[in-house]
Every structure is written in structure tokens, then in C-alpha cells.
Amino acid sequence: GLLRAEFMITTALDGLHPAKLLAQGRRDEYVAKMADGVAAIAAAFGDRPVVYRAIDLRSNEFAARDGGEVEPDEDNPMIGYRGCFRYVREPELFRLDLDVLHTVRAQHPNVHLMIPFVRTKWELAQCLALLDEHPLGADSAMKRWIMAEVPSAAYWIPEYARLGIDGVSIGSNDLTQLVLGVDRDPETCKDCLLYTT
């Protein structure tokens, strides 16, 4: 099963932007809350794999939180500062997810990592380097997946595999909008996305 972290962080962040939560010294509290939630789901799946997709909130979603004024003001956050690129720029945000997974896998080794919104090989390589620097990176039994949400992913899959990626999940919502050139957020063009077959 695919487990999207952003569905769980509302409670764990307690309405705060991650940067503000870290500034308040509440890192351990956040990791414990998230790990408890992930562990409950992992336990329900037994030995079957659960793929934890790291947080992929966009700048407009982070901006709505207490402390969110640090976010960039983007006209189109859907294709802006998010996913793998954001992790490269804000490694501490990525380390939060790695801490959660490292905690959970001590009891539930069926949980694996998925990196969202990978655009290019260089940013994925840097993101994987951050993973390798973390204690979780030494866990060779953990599978490393990516979301294929941009058309370039289809061309880069052999290269991504050489970097050590074990699996790919097709992110059809983002992939559809980027193939068709339609932003799925504004109401004006949503009908275009209804007729893709």
C-alpha cells in the first residue's frame, strides 16, 4: 500500500509549519507522533510492504500553517517548490521523514521509502546522498522508491535504477496535468482533465 505522509501530518505538526516546530525544539515530539501513526498502519499490513511517501506539501499548503510566512509566494505551486527538489534545498525537512522511518522500521521492517516529485537525476542523486548520510541509509533491506509524476521520469528510469532505486509509482494526477499542460488546481481548466481518454 502507498502511505502518503501529508495525510498524517496535520495532527503531528499541531498546526505549525515544520520550521517553526523545529525552532521550538519539538522535533522528537513530531517524530514520535508520526512514527506512532505509521507503525499502526504497518502493523495492520503484517509482512506485506507499506511504501511511505515522504511529505510532498506545496508552498501554498505549508504557507497556511502557523509560521508559514517563510514560504515563497508562487503563482503555480503545483509545479513549484516541492518534492525531491525541496528536500535538496531543505535537508532538515527530509531528515524528519528519515527519522520517522528509522524509528518505525526498528519494529516494522515492511515499511519502505518513496521520494516524491522527482524531476531530474541530479536532484535525486543529492537526495539519496542525504539518505545515505542518515542512519536509515545503512538499512540495505529498505526499498527506495520514487514517484514518477513528470514526463521526464520515463526517460530517466534506467539512470534512476543505477542510482539504487528499487521501484517506481506512477503519479497519474500530476503526470496527466504535465503531459496535457493543464494545472489541475484552477477551476477554469478542470474540464480538460476529465476527457483524457
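Look up a bit, the structure's there.
Bear in mind that the values here come from a model prediction, so they are computed numbers and not experimental data. (Residues numbered from 1 in each chain as written. Predicted model: local features only at pLDDT ≥ 70, side-chain atom pairs only at ≥ 80, totals over all residues. Heavy atoms only, no water.)

Caption draft 1: Quick peek at the overall build of the protein. Across its full length, the protein holds ten helices and five strands. Radius of gyration (C-alpha) of the protein: 17 Å, near the 16 Å computed for a compact globule of 197 residues. Projected onto its principal axes, the C-alpha positions of the protein cover 45 × 40 × 30 Å. By the burial criterion, 47% of the 197 residues in the protein qualify as buried. Excluding contacts between residues fewer than 6 apart, the proportion of contacts in the protein whose partners are at least 24 apart in sequence is 70%. When the accessible surface of the protein is split by element, carbon and sulfur atoms take 54% of a total near 9800 Å². (Helix = DSSP H or I, 4+ residues; strand = E, 2+ residues; numbered from the N terminus. Rg over C-alpha atoms; globule rule 2.2 N^0.38 Å. Buried < 20%, exposed > 50% of the residue type's maximum accessible area, 1.4 Å probe, protein only. Contact = heavy atoms within 4.5 Å. Areas by Shrake-Rupley, 256 points an atom, 1.4 Å probe, with all protein chains shown as cover.)

Caption draft 2: Up close: helix H3 (residues 27-45). Taking 1.5 Å of rise per residue, 19 residues should cover 27 Å, and H3 covers 27 Å from first to last C-alpha, within 8% of that figure. Of the residues one or two after H3, Gly46 is the one with positive phi, at around 60 degrees. (Expected span 1.5 Å × (residues − 1).)

Caption draft 3: Focus on unusual backbone geometry. Positive phi is not limited to glycine here, since Asp14 has a value of about 55 degrees. You can see Asp14 is positioned in the loop between helix H1 (9-13) and helix H2 (18-23).

Caption draft 4: Layout of the environment of Ala19. On the secondary structure map, Ala19 appears in helix H2. Taking relative accessible area as the criterion, Ala19 reaches 40% and is therefore assigned partly exposed. In this structure the C-alpha to C-alpha distance between Ala19 and Arg48, which are 29 residues apart in sequence, comes to 34 Å.

Caption draft 5: A look at the side chain of Asp56. Within the secondary structure, Asp56 is located in the loop between strand E2 (50-53) and helix H4 (59-63). Separated by 2.5 Å, the side chains of Asp56 and Arg82 make a polar contact. If sequence neighbours within four positions are ignored, Asp56 has contacts with Glu6, Glu61, Arg82, Gly83, Pro116, Phe117 and Glu149. (Polar contact = N/O pair within 3.5 Å; in protein donor to acceptor, adjacent residues only side chain to side chain.)

Caption draft 6: Inspection of the environment of Glu69 at higher detail. By the element assignment, Glu69 lies in the loop between H4 and helix H5 (83-89). Residues Glu69 and His17, spaced 52 residues apart in sequence, show a C-alpha to C-alpha distance of 9.0 Å.

Caption draft 7: Here's a closer look at the pattern of salt bridges. Enumeration according to the criterion identifies 18 salt bridges in this entry. Arg26 is the salt-bridge partner of Glu29, the closest N and O atoms lying 2.9 Å from each other. In this structure, Glu90 engages Arg86 in a salt bridge whose closest nitrogen and oxygen atoms are separated by 3.2 Å. Of the residues examined, Glu90 reaches a relative accessible area of 25% and is grouped as partly exposed. For Arg86, a relative accessible area of 2% gives the class buried. One connected set of salt bridges, linked through shared partners, spans Asp14, Arg26, Glu29 and Lys33. (Salt bridge = Lys/Arg side-chain N within 4 Å of Asp/Glu carboxyl O.)

Caption draft 8: Inspection of the side chain of Glu6 at higher detail. Structurally, Glu6 can be placed in the loop between strand E1 (2-4) and H1. Engagement of the side chain of Glu6 in a polar contact is seen with the side chain of Arg53, the distance being 2.3 Å. At a separation of 3.3 Å, a polar atom in the side chain of Glu6 contacts the main-chain amide nitrogen of Asp56. Glu6 has contacts with Arg53, Ala54, Ile55, Asp56 and Leu57, leaving out every residue within four places of it along the chain.

Caption draft 9: Spotlight on the pairing of strand E3 (residues 111-115). Burial analysis of E3 places five of its five residues in the buried class, the great majority of the element. Of the two faces of E3, the one holding Val111, Leu113 and Ile115 and the one holding His112 and Met114 are both buried throughout. The pairing of E2 with E3 spans four bridges and is parallel. Its bridge partner lying in E3, Val51 is registered against His112. (Pairing = 2+ DSSP bridges.)

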